[in-house]
Amino acid sequence: MTASHLLVPVPIPDRVAALIGSCIPPHILQAEFDADCAAREVRRFRGPRLGVEDQADREQALSELARANKVLAAHHPHLAVLPGSSF
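Residues numbered from 1 in each chain as written. Predicted model: local features only at pLDDT ≥ 70, side-chain atom pairs only at ≥ 80, totals over all residues. Heavy atoms only, no water.

Asks: When you look at helix α3 (residues 52-75) in this model, what are you seeing that I'm missing?
Replies: Each α-helix winds once per 3.6 residues, and so residues spaced three or four apart point in a common direction. Compared with an ideal rise of 1.5 Å per residue, which puts 24 residues at 34 Å, α3 spans 35 Å between its outermost C-alpha atoms and is within 8% of the ideal. Tucked inside the fold, the buried residues of α3 contact α2 (26-44). (Helix = DSSP H or I, 4+ residues; strand = E, 2+ residues; numbered from the N terminus. Expected span 1.5 Å × (residues − 1). Contact = heavy atoms within 4.5 Å.)

Asks: Even after reading the chapter, I still don't get a nonpolar patch on the surface, so can you show me in this structure?
Replies: Taken together, the side chains of Ile12, Val16 and Ile20 define a hydrophobic patch exposed on the protein surface, amounting to about 260 Å² of accessible area. As for its position among the elements, Ile12 is in the segment before α1 (14-22). (Patch = residues over 30% accessible without salt bridge, like charges linked within 9 Å, V, L, I, M, F, W, Y side chains within 5 Å. Areas by Shrake-Rupley, 256 points an atom, 1.4 Å probe, with all protein chains shown as cover. Salt bridge = Lys/Arg side-chain N within 4 Å of Asp/Glu carboxyl O.)

Asks: I tried to follow the pattern of salt bridges on my own but got confused; where do I start?
Replies: Close approach of charged atoms allows side chains with opposite charge to pair. This structure, assessed with the given rule, holds two salt bridges. Among the salt bridges present, the one from Asp36 reaches Arg40, with a minimum N-O distance of 2.4 Å. With Asp36 and Arg40 both in helix α2 and four residues apart, this pair spans about one turn of that helix. In this structure, Glu41 engages Arg44 in a salt bridge whose closest nitrogen and oxygen atoms are separated by 2.9 Å. Here Glu41 pairs with Arg44, and both are found in helix α2, just three residues apart, close to one helical turn. Residue classification places Glu41 among the partly exposed residues on the basis of a relative accessible area of 31%. According to the relative accessible area criterion, Arg44 is exposed, its value standing at 56%. (Buried < 20%, exposed > 50% of the residue type's maximum accessible area, 1.4 Å probe, protein only.)

Asks: When you look at the layout of surface pockets in this model, what are you seeing that I'm missing?
Replies: To find the voids left in a structure, one rolls a probe of water-molecule size over its atoms. Considering only enclosed or pocket space, the second largest pocket measures out at about 160 Å³ in volume. For the second largest pocket, the full set of lining residues is Ile12, Ala17, Ile20, Gly21, Ile24 and Leu29. By residue number, the principal contributor to the lining of the second largest pocket is α1, which donates three residues. Residue composition of the lining of the second largest pocket, grouped by class: five nonpolar, one polar and no charged. (1 Å grid on protein atoms, 1.4 Å probe; cavity = no way out; pocket = protein on both sides within 12 Å on 5 of 7 lines; lining within 4 Å. Points joined across faces, edges and corners; volume = space filled by probe spheres on them. Nonpolar A, V, L, I, M, F, W, Y, C, P; charged D, E, K, R; others polar.)

Asks: Can you walk me through the nonpolar core in this structure?
Replies: Inside soluble globular proteins, nonpolar side chains tend to come together where they are buried. Counting residues in hydrophobic clusters, the biggest one holds nine residues: Ile28, Ala31, Ala35, Ala38, Ala39, Leu65, Ala68, Leu72 and Val81. If you tally residues by element for this core, the top one is α2, at five residues. Excluding residues that lie within four positions of it along the chain, Ile28 makes contacts with Val71, Leu72, His75 and Leu79. (Core = buried A, V, L, I, M, F, W, Y, C linked by side-chain atoms within 4.5 Å.)

Asks: Can you help me understand the packing of α2 against α3 in this one?
Replies: For the pair α2 and α3, the least separation of the axes is 8 Å and the interaxial angle reads 150°. If you check the angle between α2 and α3, you find them roughly antiparallel. In this structure, α2 crosses over α3, and the sense of that crossing is left-handed. Together, His27, Ile28, Ala31, Glu32, Asp34, Ala35, Ala38, Ala39, Glu41 and Val42 of α2 and Arg58, Ala61, Leu62, Glu64, Leu65, Ala68, Asn69, Val71, Leu72 and His75 of α3 make up the contact between the two elements. Of the residues that constitute the contact of α2 with α3, the class distribution is twelve nonpolar, three polar and five charged. (Axes fitted to C-alpha atoms, helices over the stretch in contact; angles between N-to-C directions. Parallel < 35°, antiparallel > 145°, perpendicular 65-115°, else oblique. Left-handed = near helix turned anticlockwise from the far one by under 90°.)

Structure (structure tokens):
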């Protein structure tokens, strides 16, 4: 039995990634990209004392993340992206 935390990440060749991507609907790929970008933005605005503009930017990024995750979760529940995830 293999534990998932013991698995070593292996790079996927571009041709294989393109083949995998061609099997996924375009709106799901776009939602995945949007969710990843929004999660990165949310991580940028951390800290106890954010200014008013930073709070507004964080809320906007959270909104975009929620919108993209809604599309991803409708396709498959395990595709949702979390703000603290390493992906």
